[in-house]
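A structural walkthrough
Here is what each chain is made of, one letter per residue.
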Amino acid sequence: MKIFHTADWHLGKLVQGIYMTEDQNYILNQFVAEVEREQPDVVIIAGDLYDRAVPPVDAVHLLDQILDKIIHGLQIPVLAIAGNHDSPGRLHFGSGLMKENGYHVIGKISRELEPVILKDSYGEVHFHFIPYADPSMVRNTFENEDIRTHDDAAKYITDKIRENMDPHARHVAIGHAFVTPFGEERENTSDSERPLSIGGAEYVNAHHFKIFNYTALGHLHQAHHVLDEKIRYAGSPLKYSISEENHKKGFLIVDLAENGEVSVEKKFLNPRRDMRRVKMTMEEIFNEKPSDDYVFVQLMDQTPVLSPMEKIRSIYPNAMHVERVLISPISVKEEDSIPKTKMNEMELFHAFYKEVKGEGPSEEALEIIKTIMDDLNKEEEHIEVNTK
């Protein structure tokens, strides 16, 4: 069975005040073209279809269009679960009706844990849905007071699935969680993804998923496997923050063999615009070729630049952010420890300049300020003489 594994579409995403809907439309239609070309048996979306519980209308329309093209246009079923950004109730609405047409979506965890069963020429493949749910919701649903963390919830659910697994079928799990090899704390792969809980209670032990032939995960935005090749994150199809600058975005093509073994291929998608850093002086930027990319500019000019974003957008019209990078002082000099109350004018200027720019003033700057101070002192002396 050929499976397309994708996740974290985040439709309706707003990045630095810019809606990403046009870029999402572009990349998802590229994804649909790959579905048409490869003709998989099923498409999995492992959570975070939307970026918020109440998505913008344009985001809802885009999801409707993409699902219509895959399910009705190409006659390929789609299996989806809610992520932590989705509204479980809204996503679950109409699921009973839609499954008859090939769209199997589970927004809310339920006691039944019934798999969706699809068949290929080798027999049945059971898809087990584990949507994102707060531990308290899992605790109340299963009436088990011992469930306190995300790891507790995942262990309980996978244990319940194990009890009823058909030994003659192949099994695929679809989950949305922060899974690490042993449930230990790890860094998130993107600063655009919010924590699932406070402290260390969000991490889930990957060993709970070893009972499945393949586990299709969502939540972390960088594609990677956890513990072994069968437990994988597809990553997001687009970069949603500059922390994802070096991610290679796409989706996974999973081939599930007759004996349950899997082979996985990463398929890359080409965005309408890249998201990247630009670290240059303003003069260097003006010599660059104009680009529509989403850029985060680090200005290396050591003197203030008037209206920097306006100037930058003449070359990068979709620039998202600009900041000046000040060079850190190489060493701390003796005058740094002198109380400001005991400094003369030149020493005060030197300390202020270093505090603002991260380095001491140049000889040219010192000569200019010395001339200005001399002129001011002469003017004060002239005023004092005339008032006597």
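These numbers were taken from a predicted model, which means no experiment stands behind them.

Brief notes about a nonpolar patch on the surface
- A contiguous nonpolar patch, built from Ile368, Ile372 and Leu376 and spanning about 270 Å² of accessible area, is present on the exposed surface.
- Assignment of secondary structure puts Leu376 in helix α10 (residues 363-387).
- A relative accessible area of 46% places Leu376 in the partly exposed class.

Focus on the nonpolar core
- Core analysis: the largest hydrophobic core is formed by 32 residues, its most contacted members being Val43 and Ile70.
- Setting aside anything within four residues of it in sequence, one finds Val43 in contact with Phe4, Thr6, Phe31, Val35, Ile70, Ile76, Pro77, Val78 and Leu79.
- Judged by nonpolar contacts, the second largest core, of 28 residues, contains Ala153, Phe178, Leu196 and Leu220.

Focus on unusual backbone geometry
- Of note, the phi angle at Asp48 is positive, near 55 degrees, even though the residue is not glycine.
- By the element assignment, Asp48 lies in the loop between β4 (42-45) and α2 (57-73).
- A positive phi angle, close to 55 degrees, is found at Leu113, a residue other than glycine.
- For Leu113, the position within the fold is in the loop between β6 (103-106) and β7 (116-120).

Considerations on the domain arrangement of the protein
- The domains assigned to the protein are domain 1 (2-268), domain 2 (275-324) and domain 3 (345-386).
- Computed from C-alpha atoms alone, the centre-to-centre distance between domain 1 and domain 3 is 62 Å.

Quick look at the sheet that holds β4
- Taken in spatial order, the six strands make up an open sheet running β6-β5-β4-β1-β15-β16, and their pairing is mixed. Both edges of this open sheet fall to β6 and β16 (262-268), since each of them pairs with a single strand only. Going from strand to strand, the sheet's axes swing by 20 degrees on average, the running direction of each strand aside.
- The pairing of strand β1 (residues 2-6) with strand β15 (residues 250-256) spans four bridges and is antiparallel. Paired with Lys2 across the bridge in β15 is Asp255.
- Contacting β1, β4, β15 and β16, helix α1 (residues 21-38) crosses the sheet at an angle of about 170 degrees to β1.
- Contacting β4, β5 (78-81) and β6, α2 runs over the sheet at an angle of about 145 degrees to β5.

Quick look at the pattern of salt bridges
- Under the criterion given, the structure shown has 18 salt bridges.
- For Asp228, the salt bridge goes to Lys210, with nearest N and O atoms at 3.4 Å. A residue pair is termed long-range when its members are at least 10 positions apart, and Asp228 in strand β14 (residues 228-233) and Lys210 in the loop between β11 (203-205) and β12 (214-218) qualify at 18 residues.
- Judged by relative accessible area, which is 18%, Asp228 ranks as buried.

The rules behind these values
- Residues numbered from 1 in each chain as written.
- Predicted model: local features only at pLDDT ≥ 70, side-chain atom pairs only at ≥ 80, totals over all residues.
- Heavy atoms only, no water.
- Patch = residues over 30% accessible without salt bridge, like charges linked within 9 Å, V, L, I, M, F, W, Y side chains within 5 Å.
- Areas by Shrake-Rupley, 256 points an atom, 1.4 Å probe, with all protein chains shown as cover.
- Salt bridge = Lys/Arg side-chain N within 4 Å of Asp/Glu carboxyl O.
- Helix = DSSP H or I, 4+ residues; strand = E, 2+ residues; numbered from the N terminus.
- Buried < 20%, exposed > 50% of the residue type's maximum accessible area, 1.4 Å probe, protein only.
- Core = buried A, V, L, I, M, F, W, Y, C linked by side-chain atoms within 4.5 Å.
- Contact = heavy atoms within 4.5 Å.
- Domains from an automatic or database assignment.
- Pairing = 2+ DSSP bridges.
- Axes fitted to C-alpha atoms, helices over the stretch in contact; angles between N-to-C directions.

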